[in-house]
Amino acid sequence: MASVLTDMADGEFTAECARWDAAFIAHFVHPVTRGEPVFLSVHEGMLDRMGHEWGRTSEDFLALVRRRWVRTVQGRRARKQVVVGHHRLRRPSDVQGFVTLLGAMVLAAQWMETELREGTGSQAPLLIDEKNYFKRLRDVLGLELEDEQVRPRGLREYEDAVVWRNWSDWIEEGGWRPTAHPGKGARVHINYPLSQTLLRDGDRSWIARRFWEEVSRGALSRTHDKEMLLGWMLAHRSKFPRSRLWQILDRPEHQLRYEATAAALFDIYSTVDWDADLAEEDEVQPAERPLRRLTAGLYREEDVFCGEVSYSMYLKQPKGGAVGLTVSWMGVEAPLRPERPGWFMPLPLPWKHPPTEGLSMRVVTPDSPIKHVIFPERDFWLLVGDPLAGGAGALASWDVPPAPGQPFVIICRPDLRALLDTLRSLDSLTWDGAPVELARGVWLEYRGCRIPSSPGRVRLRAFTPEEQALIKAIRPQSSGSIRLLGGLPAPDRQAGWMEGCLPRAVLEMPGGFAEVKLLNLQTRQAEPIGRVAANEPIELPHLAPGFYRIEAALEVADRQRSLQQTLSIRSWDSLACAALAQDAN
Amino acid sequence: MWNMKTWLAFLVLNERERAFVGLSPWRDQITRWCRQIVRSHSDNLRDASVVFYSRDDSPTTERRSRGYRPFAWAQPLDESWYEEAVIRHPFEEILRGRSSRPNAADDRQRRLRPSPIAPPVGPGTAFDEVLPGTDQVEPAVAAAHNNLLTWLSAAGAGRWEAFLRACQALELARDARYARRIIRRLVLLGHLTLSDGGDRWTMQPPTVAPLAIEPERLILRGQRTAELLARLPDNRDATPQQGAPDRVRCCELLETGTTELVVTGLRFRCDPSVMDRAQSLPDWRGWLTSPAMRRYDGRDLGKFDRTERWVSGDWTGEPIYFDDVEKRIVGPTGMYRLSRDAQARPPVTAFFDAERQIIVRGDWYGLRFLAGRAGGEQPRAAWDLCHLLVPVEGRWPLLYEQVLVQASGLLPGRSPGWLCYHGIPLELAECLCGKLDVELDIAASPVSPGCERAAV
C-alpha cells in the first residue's frame, strides 16, 4: 500500500519532514546525558515506534526519504539521483534538517549487516563493503543501479561524508560524544553509518529469549554483572548466532559502540523476568520490558575511631530514577535512599568482608517493576577513591579506572594472586604490605595499590580471560590518554567541571612530548597551549562555560598520533537541586 | 579587616565612685551609650566626667589564660589601656551627633529585668547592633561561599572528603582545618546536617523559617540554586556575611503549624519557630546520652598510642585506658585527644564520662563544653537588647548554638573574648540557658536600672 506521504501536498510534506527531523533529534539526542555518546541507530522497529505517535510507520519513512532526498533529473533519459544540497550546511546546527538522510544511510547499513542473519547465520562470511552498502542504500532510497559506479549519482563527490562531519560537529558542539567516524581502507566512508548501528528491537527480543532459556536450564547465572555476562557470552558464542552482534562485540577497538552494545546487553539481561514464559514471545512485535533488577557494587570505608573496615552494597540509580524502593534481606527491610545524583546510599553488609557469593535480595515495594537487587558473584573488585573527592575518602566500585599514583584496593579470589604477583614483577602494579585474607581466605584484599604513570608492558594474550578482565580493569587505556585532574567536578549527572574551578590536564603516555591545543567546540576557534611533556600537568586558561576539546599531537617517530579529551565547563547557574532522601534530617 | 581596638568608658562621679559604661570595639557605640546616660541624668552629673579608654587588641600568638577577662571591674585598668579622652559637664562632645531614639530606649527598659547577680565582664553589651562584618565581606569570597552552597545543593549529600575537595577547589580552605570551620558554619545556619560520625553531610531541602524577632520575615535555609532564588518573591533580600553564604530573607506570614509553603511552584519546607525548637531540645545531660552522640567501645582505646586529657586549654591531662581485667575504662571524666603514631590519621577527639562509662564523639565545642562542666566550670552568658553574649571559651554545643544562629540567620559577631548572637529574644535565651545550666545575666547596659543606679 502506498504511503500517504507519496501524494502529500508540498506544504504539508514540508511540515511532515520537519516533524520527522524533530522526532529524530528528540529520540536520539535529547535523552542522552551530556558527555555521553549519541548513536543514530535507525531500524524499522524504532521507526515504527517513533512514528506511531502521529500515525506513521517505517514504510512512511521510506516514502519520506525517497521523496525528500531523491529527484528525477530530466535529460536524454530521465533518471533519479540523490540531491543532498549540502551547500545549505552553513553551520553544524543546520544538519538537523539532514537527519532523515543520515537515518536512511544507517538503515541501509542495518539491512546490510542483517542480510545473512537467517539461514547459514554467522557461519557465512558477511560481505561488508561499499558495493554491498550502496546496493542497500539504493533500496532504501528507491534508486536503481544505472551504471558500473558503486556510488549513486548525487553522492559521487562524497556529499554524504560532508553531512556526517557536520553531524559529528553539531553533536560535539552540544556537549555529547560523537560516534560517527570514518573507517580505514575500503570502509573509509561507509564506516560513518556502520558505526551507528546497534542492536535492533528484534535482536533485543531474541537475545532476551536466549538469556531466559539459558537461565531456565541453569546454564546462565542470575547474578552476573555486565563484565561477567559478556565473558559468559564470549565463552558461549555459539548460543548467539547473530552476525550483527559479533560484528560489534568482536571489535572492542571501536570503544564507544562496543561499550554501548555491552551496556544494552546487560540492560536486556536486567529486564528479563526469569519467572515469566518468554518461549513464545514475538520477535517482530517485541514486548516493552521494564527494568527488573538492580545490580550492586561494593563500598568500603574505615571507621576513623577504631580503624575498622566495613563493606556495604553500593547501588547505581537506574535511568529516570527510582523513588521509594525498599529491599528486604535476611528479615530486614532497608529503604534505598539517594546519596548523590545517580547513586543510592550504601547498604551496610552484616559481615566484615564482602559477600562470598552472589546474592539476590527482594524488592518489597508494591507495584515496583524492579523486583530484585543483585549482588553479583565476581572474581574481583576494584575499589577506587571517590571521584567527587578527588580520589580521597571511601573506596567504591565507581565507574572510573584507577588514576596513576592514586591508591586503590583490589579484592580478588585467591586464584588471581599469581597474576597480581606477575603484574608487580612487571612494574605494572604495586601495593602496601601483604594481602589481607577476608572471609577465611575466600577473598584477598590488596591495600594501597597503585599503578605507575608509565607501567610496564603486559601481553594480554598470555593470560586467561578472567585474568585479562582484571588487567583491563586496572589499565584500560594502553595507548595513552589525556586525564583531567583536580578542579571541581559538577556533582550532577551532566558531569563536566565547574566554571572557575578547572582541572589540569595530563598527557598519560610513556614519555615524549606533544603539541597541545584547546578547541572551542562552539566557535571552532583553537587556542594553542604549547609543547608539553608527558605526564606533566597542564594548567588550562580561563574558560567560559561551554564545550571544548583538548587535542594533543604526539611527537612519535615516523607516524602521527593524537590524543583527544572533551571538556565541559558548567556554569554555576546550570546546577539544580538534587533529590534528597525523604527522611533526611 | 579585624578591628584592632577595644574601647571602654567610665562615668567618674567623684574620686571614689565610678560607673562602668560599656565595652565595645566601636567608639561610636560607647559614645551613644554615654549620650543616653548624660541626657537622662544631666542634672545629677554636674561634677561628673566621662573617661574613654582604648586598647590595642591586635591578634597575637600569646595564649590567654583560662578565665581571661579584658579588665577587672573593681581594679584599676592595667597598662594596656590608654586614656583617650576625658569629657566633663556639659558633655558637648558626647551630646553632639545623632539623636537617640527615646521611645526605643523606653521600650528596652520595660523589657529588661535586673540581674540578681553581677554581669560577667562588666555589662557585656559589647557588640550591640553590629552585624557580623557584613560591610567587610569581599565579593569574591562571598560568591565562592554562595557557589559552594549551590554545589552542595546539586550534590544533595556526600562524604566529608568531597566537601573538603569543593572548599579547596573554590579556594575557601587550604586544608581540613579550615574546611571544618566552614562546614560547622553551614550546620549552624541550617543548610546541612552531619552524620553522627561527622564523615557524611546531607543538605536540607529548601526550607523557610521565621526570624525569632520578626516572624513575618522568613529565612531561607538548605538547598539553594540560582533558579530557586530567581523564583522567590521580589521582596527577598540577601545579606552577605563573612565565612558563609548570604542570608536570604523574604516576607511571608506563616500560619502556625504550616509545614509546607509553595512559592511559584516550588515547595519549601516550613520549620517551626526557633522557640519551639529550643523547647524541644533535651538538656545537656540528655544530649550527652542521646543517640545523636555516637558512642564507642572502650576496648578500642587500645588501638591508640596516646590519650591526652584537655586541661586548662591544653592537652596535658592524664590518659585513659581500658582495664581488661575490670572490663571498664579507667580515667577521669573529660575531653580527650586520641592519637596514633603509625598511621597518617588525624587525632580523634572524644568525651569520656567516667560515671556512665561511655565514650562519645561530637562537635569539638560541644565536647569542650562537657569537659568544662566536668571540671566544675559554671558557664555564663549575658543578654542585652536582643543580643546574647557567650564567652568564646565557653562556646555552646552545636545543637544549641544552631538555635541561636538560626534565630537570625546570621553567624555570631566576635571580639577577642565574646561571641554575640543577634536577634535573640530574652525568652529564647532563658530557655536555652536553662537547658545548658548556663547562668544568664540580664546585662547592665547603660540604660538598665542597675547601671542607672550606679550612675546616680
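Residue positions are counted from 1 within each chain, in the order its sequence is given. Lettering for chains starts from A, numbering for ligands starts from 1, and both go in the order in which the items are written. Given that the model is predicted, a residue must reach a pLDDT of at least 70 before its local features are reported, and side-chain atom pairs must reach 80 or more before they are shown or counted; all residues, however, enter totals for whole chains, interfaces and linings. For the side-chain quantities, the full set of heavy atoms in the structure was used; hydrogens and water were omitted.

Our next topic: the sheet that holds strand β3 (residues 49-56) of chain B. Residues and elements named next belong to chain B. In short, DSSP must find at least two bridges between two strands for them to pair. For helices the rule is a DSSP run of H or I covering at least 4 residues; for strands it is a run of E covering at least 2, with both sets numbered from the N terminus onward. Reading across from one edge, β2-β1-β3-β4 is the order of the 4 strands in this open sheet, with antiparallel pairing throughout. The strands lining the two open edges of the sheet, one partner per strand, are β2 (18-24) and β4 (81-88). Shown here is a sheet whose adjacent strand axes are inclined to one another by a mean of 20°, direction ignored. Taken together, the 7 bridges between β3 and β4 define a ladder with antiparallel strand orientation. Every axis corresponds to a line fitted to the C-alpha atoms, with the helix fit spanning only the stretch in contact, and the corresponding angles, defined between N-to-C directions, vary from 0 to 180 degrees.

A word on the nonpolar core. Within the largest apolar cluster, 80 residues are counted, with the highest numbers of intra-cluster contacts made by B:L148, B:W151, B:F163, B:L388 and B:W396. In this analysis, two residues are considered to be in contact whenever any of their non-hydrogen atoms come within 4.5 Å of each other. Contact partners of B:F163, with chain neighbours within four places excluded, come to B:L148, B:L152, B:A179, B:I182, B:I183, B:L186 and B:W201. By size, the runner-up hydrophobic cluster in this structure holds 58 residues, among which are A:M8, A:W20, A:V82 and A:F98. Throughout this description, the term nonpolar core refers to a set of buried Ala, Val, Leu, Ile, Met, Phe, Trp, Tyr and Cys residues connected via side-chain atoms within 4.5 Å. Exposed residues in this analysis have more than 50% of their type's maximum accessible area, buried residues have under 20%, and partly exposed residues fall in between, with area computed by a 1.4 Å probe over protein chains only.

This next bit is on the sheet that holds strand β25 (residues 418-421) of chain B. All names here are of chain B. Strand order across the open sheet formed by 5 strands is β24-β25-β23-β22-β26, with mixed pairing between neighbours. On the outer flanks of this sheet lie β24 (413-414) and β26 (439-442), each paired with one strand and no other. Examined bridge by bridge, strand β23 (residues 387-391) and β25 share 4 bridges and lie antiparallel to one another. When the sheet's bridge partners are listed, V390 is paired in β25 with L419. The strands touched by helix α12 (residues 426-436) are β22 (380-384), β23 and β26; relative to β26, the strand with the most contacts, the crossing angle is about 155°.

To continue, consider the pairing of β23(B). Residue and element names in this part refer to chain B. By the criterion of burial, β23 is predominantly enclosed, with 4 of the 5 residues buried. Here β22 runs beside β23; their pairing, made up of 3 bridges, is antiparallel. By the bridge assignment for β23, W383 is matched with L388. Linkage of β22 to β23, two consecutive antiparallel strands, is achieved through a turn of 2 residues, within which L385 is found at a positive phi near 50°.

Further remarks concern unusual backbone geometry. Phi is positive for A:N535, which is not a glycine, with a value near 65°. With respect to the secondary-structure elements, A:N535 resides in the loop between β21 (526-533) and β22 (537-538). Backbone geometry places B:D437, a non-glycine residue, at a positive phi of 55°. Mapped onto the fold, B:D437 is located in the loop between α12 and β26. Of the residues examined, B:D437 reaches a relative accessible area of 29% and is grouped as partly exposed.

On to the side chain of B:Q406. Residue and element names in this part refer to chain B. Residue placement: Q406 occurs in helix α11 (residues 398-408). Overall, the relative accessible area of 3% leaves Q406 in the buried class. Think of a polar contact as two N or O atoms within 3.5 Å of one another; within protein, one of them needs to be a possible hydrogen donor and the other a possible acceptor, and neighboring residues in sequence only count if both atoms come from side chains. Here R277 takes part through its side chain, which lies 2.3 Å from a polar atom of the side chain of Q406.

Once that is clear, we can look at the packing of aromatic side chains. Residue and element names in this part refer to chain A. Each Phe, Tyr or Trp ring (for Trp, its six-membered ring) is paired with any other whose centre lies within 6.5 Å, and the angle between the two planes then decides the class: stacked below 30 degrees, edge-to-face above 60, tilted in between. Enumeration according to the criterion identifies 30 aromatic pairs over all chains in this entry. Aromatic side chains Y314 and W343 sit 4.6 Å apart centroid to centroid with 10° between the ring planes, which places their arrangement in the stacked category. One end of the pair, Y314, is in strand β4 (residues 309-315); the other, W343, is in strand β8 (residues 343-344), with 29 residues separating them in the sequence. Grouping residues by exposure puts Y314 and W343 together as buried. When the centroid spacing of 5.6 Å and the interplanar angle of 80° are considered together, the rings of W329 and W351 count as edge-to-face. Of this pair, W329 sits in strand β5 (residues 326-329) while W351 sits in the loop between β9 (347-348) and β10 (359-363); the two residues are 22 residues apart in sequence, bridging distant segments of the chain.

All names here are of chain A. Positionally, G142 belongs in the loop between α5 (130-141) and α6 (159-173). Classification of G142 by relative accessible area gives partly exposed; the value is 30%. If we ignore the near neighbours within four places in the chain, the residues touching G142 are R66 and K80.

Once that is clear, we can look at helix α8 (residues 201-216) of chain A. Residues and elements named next belong to chain A. Under the 1.5 Å per step criterion, the end-to-end length of α8 is 22 Å for 16 residues, consistent within 8% with the ideal 22 Å. Burial analysis of α8 places 13 of its 16 residues in the buried class, the great majority of the element. Just downstream of α8 lies G218, where phi reads positive at about 80°. Residue count minus one, scaled by 1.5 Å, sets the expected span of a helix.

Another aspect to go through is empty space enclosed by the protein. Residues and elements named next belong to chain B. Buriedness of a pocket was judged along seven lines, with at least five required to meet protein on both sides within 12 Å; pockets are open sets of points on a 1 Å grid over the protein atoms alone, cavities are sets where a 1.4 Å probe fits but cannot get out, and lining residues have an atom within 4 Å of a point. Grid points are joined across faces, edges and corners, and a volume is the space filled by probe spheres set on the points. Applying the stated criterion across every chain, the model contains 4 cavities of 30 Å³ or more. The space that makes up the largest cavity amounts to roughly 50 Å³. In terms of lining residues, the largest cavity is bounded by L189, H191, I219, L220, R221, R224, Q241, P245, D246, R247, V248 and G409. Elements with a contribution of two residues or more to the lining of the largest cavity: β9 (217-221) and β11 (244-251). Per-element tally for the lining of the largest cavity: the top contributor is β11, with 4 residues.

This paragraph deals with helix α10 (residues 364-374) of chain B. All names here are of chain B. Summarising burial for α10: 8 of the 11 residues are buried, a large majority. Of all the residues in α10, the buried ones are G366, L367, R368, F369, L370, A371, G372 and R373. Among the structural elements, α9 (284-288), β15 (306-311), β19 (334-339), β20 (348-353), β21 (358-361) and α12 are those in contact with the buried residues of α10. Count one or two residues on from α10 and you reach G376, which has phi positive near 85°.

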